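# Breakdown of the fold
Residue strings, one per chain:
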Amino acid sequence: DVSIFTSIARGDKLCQLHPATEGTPGETVTGARIEPKNGRERLLPQGPRTEISSEDPNLLIASENGCVTLNKSNLVEVQPRLVIKGDVDFNTGNVDFAGSLAIGGDVKAGFKVHVVGDLEIGGCVEDAEIDVEGNVLIKKGFIGRGKGLIKTTGNLTVKYVHGQNIMCGGNVVAGGEIMHSHVRASGNVIANSRKGVIMGGRIEAECNVETTTLGSTSYTP
């Protein structure tokens, strides 16, 4: 695991202010005294979604879950929504974030993503493990060799699913096909667009399964 950011929870300590102290006199090489300068009083660099602790006026804590950063104004800030512009791969490592997350690229095979909030993925998910406590939106597909798993307590919206595994606490909505996959949903499984197909695999839903085409003329199990 490597990390390009620090995930924190509400109430975590972010910054400690040390009160100014008096300076210590110095001495030149000839033995002359150098008068000291006293330290200057500073303020806590309180940014958005942070607060001063009620127990310690010199302690800055997080007021929300999220990712802690130092913004352009040199203030400590908590971002409730993290954005990773590229892929989740060896450059980022596994991601464990206490907030909502947006990934601009793909989630590569072998990596894990855990998100407390909602997750939006601009690319594909390969043979990776996705564990989300909110809703999931995958703008492209969920593909691979059957070693991937998406678990979410909310709804999952995905363009297509090929040969993968899904456990969903809400509805699974596919824009295209669900093929040779194991899908288990506490709500509905829906693939009823013009290109909607459910073929092969195993589909389990506590409510309804809706699709435009079910099965195939080749009698895929």
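Anything mentioned here points back to the structure above.
To start, this report covers the structure provided alongside it. (Residues numbered from 1 in each chain as written. Predicted model: local features only at pLDDT ≥ 70, side-chain atom pairs only at ≥ 80, totals over all residues. Heavy atoms only, no water.)

### What to know about the overall build of the protein
Across its full length, the protein holds zero helices and 26 strands. Against the compact-globule benchmark of 17 Å for 221 residues, the protein has a radius of gyration of 25 Å, which places it well outside the compact range. On the principal axes, the C-alpha backbone points of the protein span a range of 100 × 35 × 25 Å. A buried classification covers 37% of the 221 residues belonging to the protein. Long-range pairs, those at least 24 residues apart, make up 19% of the contacts in the protein with a sequence separation of at least 6. Accessible surface for the protein amounts to roughly 12700 Å². Of this, 49% is attributable to carbon and sulfur atoms. Taking the average location of the 22 positive side-chain charges in the protein and that of its 26 negative ones, the two points are 7 Å from each other. (Helix = DSSP H or I, 4+ residues; strand = E, 2+ residues; numbered from the N terminus. Rg over C-alpha atoms; globule rule 2.2 N^0.38 Å. Buried < 20%, exposed > 50% of the residue type's maximum accessible area, 1.4 Å probe, protein only. Contact = heavy atoms within 4.5 Å. Areas by Shrake-Rupley, 256 points an atom, 1.4 Å probe, with all protein chains shown as cover. Lys, Arg positive; Asp, Glu negative; His and termini not counted. Charge placed at Lys NZ, Arg CZ, Asp CG, Glu CD.)

### What to know about a positive patch on the surface
A cluster of basic residues, Lys140, Lys159, Arg194 and Lys195, forms a positive patch on the protein surface. Within the element layout of this structure, Arg194 appears in the loop between β22 (189-191) and β23 (197-199). Assessed through its relative accessible area of 75%, Arg194 is described here as exposed. (Patch = residues over 30% accessible without salt bridge, like charges linked within 9 Å, V, L, I, M, F, W, Y side chains within 5 Å. Salt bridge = Lys/Arg side-chain N within 4 Å of Asp/Glu carboxyl O.)

### Quick look at the side chain of Glu77
Mapped onto the elements, Glu77 comes out in strand β8 (residues 76-79). According to the relative accessible area criterion, Glu77 is buried, its value standing at 13%. Contacts of Glu77, omitting those with residues within four sequence positions, involve Pro48, Arg49, Thr50, Cys67, Val68, Thr69 and Asn71.

### Topic: the sheet that holds strand β16 (residues 149-152)
Strand order across the open sheet formed by seven strands is β10-β12-β14-β16-β18-β21-β24, with parallel pairing between neighbours. One side of each edge strand has no neighbouring strand; the edge strands of this open sheet are β10 (95-97) and β24 (202-205). For this sheet the average axis-to-axis angle between neighbouring strands, irrespective of direction, equals 5°. (Pairing = 2+ DSSP bridges. Axes fitted to C-alpha atoms, helices over the stretch in contact; angles between N-to-C directions.)

### Considering the side chain of Asp127
Structurally, the position occupied by Asp127 is in the loop between β13 (119-121) and β14 (129-132). At 5.4 Å, Arg145 is the nearest oppositely charged side chain to Asp127, a buried residue that forms no salt bridge. A polar side-chain atom of Asp127 sits 3.0 Å from the main-chain amide nitrogen of Arg145. Within the local environment of Asp127, its side chain forms a polar contact with the backbone nitrogen of Gly148, the two atoms lying 3.4 Å apart. If we ignore the near neighbours within four places in the chain, the residues touching Asp127 are Ala109, Gly110, Ile143, Gly144, Arg145, Gly146, Lys147, Gly148 and Gln164. (Polar contact = N/O pair within 3.5 Å; in protein donor to acceptor, adjacent residues only side chain to side chain.)

### Section: the packing of aromatic side chains
One pair of aromatic rings is described through two measures. These are the centre distance and the angle between the planes. Applying the stated criterion across every chain yields a total of one aromatic pair. With centroids separated by 5.0 Å and ring planes inclined at 80°, the aromatic side chains of Phe90 and Phe111 adopt a geometry described as edge-to-face. Residue Phe90 is located in the loop between β9 (81-84) and β10, and its partner Phe111 is located in the loop between β11 (100-103) and β12 (112-115); the two are separated by 21 residues in the primary sequence. Look at Phe111 and you get buried, because its relative accessible area is 9%. (Phe/Tyr/Trp six-rings, centres within 6.5 Å; stacked < 30°, edge-to-face > 60°.)

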